[in-house]
Amino acid sequence: MKEPDATLSTALAKLREQHVRITPQRKLILDYLMNHENHPPVEEIYKELAPQMSSLSLATVYNTLNLFVELGIVIEIPNENGGVRYDFFGRPHYHAICENCGKVTDIYDPNLPQIASMLENTAQKQSGYDFNACHIELYGLCPECQAKGITRAS
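Residues numbered from 1 in each chain as written. Predicted model: local features only at pLDDT ≥ 70, side-chain atom pairs only at ≥ 80, totals over all residues. Heavy atoms only, no water.

What follows covers the overall build of the protein chain. A tally of helices and strands in the protein chain yields six helices and five strands. Mapped from its N terminus to its C terminus, the protein chain presents α and β elements in the order α-α-α-α-β-β-β-β-α-β-α. Dimensions along the principal axes, computed over C-alpha positions, put the protein chain at roughly 50 × 40 × 30 Å. Buried residues in the protein chain amount to 34% of all 154 residues. For the protein chain, the share of sequence-separated contacts (at least 6 apart) that also reach a separation of at least 24 residues comes to 48%. (Helix = DSSP H or I, 4+ residues; strand = E, 2+ residues; numbered from the N terminus. Buried < 20%, exposed > 50% of the residue type's maximum accessible area, 1.4 Å probe, protein only. Contact = heavy atoms within 4.5 Å.)

What follows is the structure, given as C-alpha coordinates:
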(Lines give C-alpha, C1' and ligand atoms only; values in the text may rest on other atoms or scores of the structure.)
Protein backbone atom coordinates (compact mmCIF):
# COMPACT_ATOMS: atom_id res chain seq x y z
CA MET A 1 0.00 0.00 0.00
CA LYS A 2 1.53 3.28 -1.12
CA GLU A 3 0.08 6.04 1.08
CA PRO A 4 -2.10 4.77 3.93
CA ASP A 5 -3.32 8.20 5.02
CA ALA A 6 -3.53 9.84 1.62
CA THR A 7 -6.49 9.24 -0.64
CA LEU A 8 -7.14 10.25 -4.20
CA SER A 9 -9.97 12.53 -3.06
CA THR A 10 -7.63 14.29 -0.61
CA ALA A 11 -5.02 14.81 -3.31
CA LEU A 12 -7.64 16.09 -5.77
CA ALA A 13 -8.90 18.52 -3.12
CA LYS A 14 -5.34 19.88 -2.82
CA LEU A 15 -5.31 20.45 -6.57
CA ARG A 16 -8.66 22.24 -6.45
CA GLU A 17 -7.36 24.48 -3.65
CA GLN A 18 -4.63 25.56 -6.09
CA HIS A 19 -7.33 26.23 -8.73
CA VAL A 20 -6.11 23.35 -10.88
CA ARG A 21 -8.72 21.89 -13.19
CA ILE A 22 -9.22 18.17 -12.55
CA THR A 23 -9.10 16.49 -15.94
CA PRO A 24 -9.55 12.74 -16.45
CA GLN A 25 -5.89 12.55 -17.51
CA ARG A 26 -4.63 14.31 -14.37
CA LYS A 27 -6.80 12.11 -12.18
CA LEU A 28 -5.55 8.94 -13.89
CA ILE A 29 -1.88 9.92 -13.58
CA LEU A 30 -2.25 10.95 -9.94
CA ASP A 31 -4.08 7.73 -9.08
CA TYR A 32 -1.35 5.69 -10.77
CA LEU A 33 1.43 7.41 -8.81
CA MET A 34 -0.45 7.04 -5.54
CA ASN A 35 -0.90 3.31 -6.02
CA HIS A 36 2.49 2.28 -7.36
CA GLU A 37 5.78 2.27 -5.49
CA ASN A 38 7.87 1.75 -8.61
CA HIS A 39 8.96 5.40 -8.95
CA PRO A 40 8.43 5.29 -12.71
CA PRO A 41 9.92 7.46 -15.43
CA VAL A 42 7.46 9.38 -17.62
CA GLU A 43 7.66 6.85 -20.45
CA GLU A 44 6.62 3.99 -18.14
CA ILE A 45 3.67 5.99 -16.81
CA TYR A 46 2.55 6.66 -20.37
CA LYS A 47 3.03 3.02 -21.42
CA GLU A 48 0.97 1.79 -18.46
CA LEU A 49 -1.85 4.32 -18.79
CA ALA A 50 -2.24 4.86 -22.54
CA PRO A 51 -4.26 1.64 -23.04
CA GLN A 52 -6.75 2.89 -20.42
CA MET A 53 -7.27 6.29 -22.06
CA SER A 54 -6.93 6.83 -25.79
CA SER A 55 -6.80 10.62 -25.35
CA LEU A 56 -3.65 10.42 -23.20
CA SER A 57 -0.50 11.61 -24.95
CA LEU A 58 3.12 11.52 -23.83
CA ALA A 59 3.11 15.34 -23.83
CA THR A 60 0.11 15.32 -21.48
CA VAL A 61 1.95 13.01 -19.08
CA TYR A 62 5.04 15.28 -19.16
CA ASN A 63 2.97 18.43 -18.63
CA THR A 64 0.90 16.88 -15.85
CA LEU A 65 3.98 15.63 -14.00
CA ASN A 66 5.63 19.05 -14.31
CA LEU A 67 2.50 20.66 -12.85
CA PHE A 68 2.36 18.16 -9.98
CA VAL A 69 6.07 18.76 -9.23
CA GLU A 70 5.52 22.54 -9.28
CA LEU A 71 2.63 22.12 -6.81
CA GLY A 72 4.72 19.88 -4.53
CA ILE A 73 2.52 16.79 -4.63
CA VAL A 74 4.96 14.81 -6.78
CA ILE A 75 8.74 14.83 -6.56
CA GLU A 76 11.40 14.05 -9.13
CA ILE A 77 14.04 11.46 -8.30
CA PRO A 78 17.13 11.43 -10.54
CA ASN A 79 17.84 7.92 -11.78
CA GLU A 80 21.08 6.10 -12.50
CA ASN A 81 21.18 6.95 -16.23
CA GLY A 82 20.52 10.68 -16.01
CA GLY A 83 16.74 10.50 -16.35
CA VAL A 84 14.04 11.29 -13.83
CA ARG A 85 11.59 9.12 -11.93
CA TYR A 86 8.42 10.39 -10.24
CA ASP A 87 6.99 9.78 -6.79
CA PHE A 88 3.75 10.87 -5.14
CA PHE A 89 4.67 12.89 -2.05
CA GLY A 90 1.37 13.00 -0.18
CA ARG A 91 3.02 11.85 3.02
CA PRO A 92 6.63 12.91 3.62
CA HIS A 93 9.16 10.13 3.31
CA TYR A 94 12.73 9.63 2.27
CA HIS A 95 14.32 7.17 -0.12
CA ALA A 96 16.73 4.27 0.08
CA ILE A 97 18.37 3.90 -3.34
CA CYS A 98 20.33 0.85 -4.48
CA GLU A 99 23.71 1.82 -5.90
CA ASN A 100 23.77 -1.33 -8.02
CA CYS A 101 20.33 -1.74 -9.62
CA GLY A 102 18.79 1.70 -8.98
CA LYS A 103 15.80 0.40 -7.01
CA VAL A 104 14.15 3.15 -4.93
CA THR A 105 12.34 2.27 -1.68
CA ASP A 106 10.13 4.67 0.28
CA ILE A 107 11.00 4.97 3.98
CA TYR A 108 8.36 6.41 6.32
CA ASP A 109 9.68 7.76 9.62
CA PRO A 110 7.56 9.72 12.11
CA ASN A 111 10.68 11.75 12.98
CA LEU A 112 11.23 12.93 9.41
CA PRO A 113 9.62 16.38 9.86
CA GLN A 114 11.92 17.14 12.81
CA ILE A 115 14.98 15.79 10.98
CA ALA A 116 14.18 17.84 7.87
CA SER A 117 13.60 20.96 9.95
CA MET A 118 16.94 20.50 11.71
CA LEU A 119 18.75 20.01 8.38
CA GLU A 120 17.04 23.05 6.84
CA ASN A 121 17.91 25.24 9.87
CA THR A 122 21.57 24.20 9.77
CA ALA A 123 21.75 24.68 6.00
CA GLN A 124 20.04 28.09 6.23
CA LYS A 125 22.54 29.29 8.83
CA GLN A 126 25.48 28.15 6.72
CA SER A 127 24.19 29.21 3.30
CA GLY A 128 21.63 31.97 3.77
CA TYR A 129 19.15 30.06 1.60
CA ASP A 130 15.42 30.21 2.31
CA PHE A 131 14.35 26.55 1.98
CA ASN A 132 10.90 25.29 1.05
CA ALA A 133 11.55 21.55 0.75
CA CYS A 134 13.87 18.79 1.85
CA HIS A 135 14.34 15.44 0.12
CA ILE A 136 16.60 12.88 1.75
CA GLU A 137 18.19 9.98 -0.12
CA LEU A 138 20.27 7.19 1.38
CA TYR A 139 22.42 5.05 -0.91
CA GLY A 140 23.43 1.43 -0.40
CA LEU A 141 22.60 -2.07 -1.64
CA CYS A 142 19.06 -3.43 -1.71
CA PRO A 143 18.36 -6.87 -0.21
CA GLU A 144 18.08 -8.45 -3.68
CA CYS A 145 21.55 -7.25 -4.72
CA GLN A 146 22.99 -8.30 -1.37
CA ALA A 147 21.49 -11.78 -1.88
CA LYS A 148 23.34 -11.99 -5.21
CA GLY A 149 26.62 -11.47 -3.35
CA ILE A 150 27.17 -7.95 -4.61
CA THR A 151 29.19 -5.84 -2.17
CA ARG A 152 29.56 -2.11 -1.82
CA ALA A 153 32.70 -0.43 -3.05
CA SER A 154 34.60 0.95 -0.08
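Turning our eyes to something else, we now look at a nonpolar patch on the surface. On the surface, Ile115, Met118 and Leu119 cluster together to form a nonpolar patch covering roughly 260 Å² of accessible area. When its relative accessible area of 33% is taken as the criterion, Ile115 is described as partly exposed. (Patch = residues over 30% accessible without salt bridge, like charges linked within 9 Å, V, L, I, M, F, W, Y side chains within 5 Å. Areas by Shrake-Rupley, 256 points an atom, 1.4 Å probe, with all protein chains shown as cover. Salt bridge = Lys/Arg side-chain N within 4 Å of Asp/Glu carboxyl O.)

Here the UniProt feature "binding site: Zn(2+)" (unreviewed entry) sits at Cys98, Cys101, Cys142 and Cys145. Taking the farthest pair of C-alpha atoms as the criterion, the annotated set spanning 48 residues converges on one region, since that pair is 8.2 Å apart. Mapped onto the secondary structure, Cys98 falls in strand β3 (residues 94-98). Other than its neighbours up to four places away in sequence, Cys98 contacts Lys103, Gly140, Leu141, Cys142 and Cys145. When you line up the elements, Cys142 lands in the loop between β5 (137-140) and α6 (143-147). Dropping the residues within four chain positions of it, Cys142 is found in contact with Cys98, Cys101 and Lys103. (UniProt positions renumbered as here; feature names shortened; annotations may be inferred.)

This paragraph deals with the domain arrangement of the protein chain. Interface size is commonly expressed as the accessible area that is lost once the parts come together. You can read the domains of the protein chain as domain 1 (1-90) and domain 2 (91-153). Of note, the centres of domain 1 and domain 2, computed from C-alpha atoms alone, are 21 Å apart. Between domain 1 and domain 2, roughly 1,100 Å² of surface is buried when both sides are summed, and carbon and sulfur atoms account for 52% of that area. On the domain 1 side of the interface with domain 2, the three residues burying the most area are His39, Ile77 and Phe89, jointly 39% of the side's total. Looking at the side of domain 1 that touches domain 2, the elements with two or more residues in it are β1 (74-78) and β2 (84-88). Looking at the side of domain 1 that touches domain 2 residue by residue, the classes come out as six nonpolar, two polar and seven charged. (Domains from an automatic or database assignment. Buried area = accessible area lost by both parts, 1.4 Å probe. Nonpolar A, V, L, I, M, F, W, Y, C, P; charged D, E, K, R; others polar.)

Turning to the pairing of β1, a few remarks are in order. Judged from the five bridges that link them, β1 and β2 form a sheet pairing that is antiparallel. Looking at β2, one finds that Pro78 is bridged to Val84. (Pairing = 2+ DSSP bridges.)

Along its 16 residues, helix α5 (residues 112-127) runs 22 Å from first to last C-alpha, staying within 8% of the 22 Å computed at 1.5 Å per residue. Where α5 terminates, the next one or two residues include Gly128, which has phi positive at roughly 80 degrees. (Expected span 1.5 Å × (residues − 1).)

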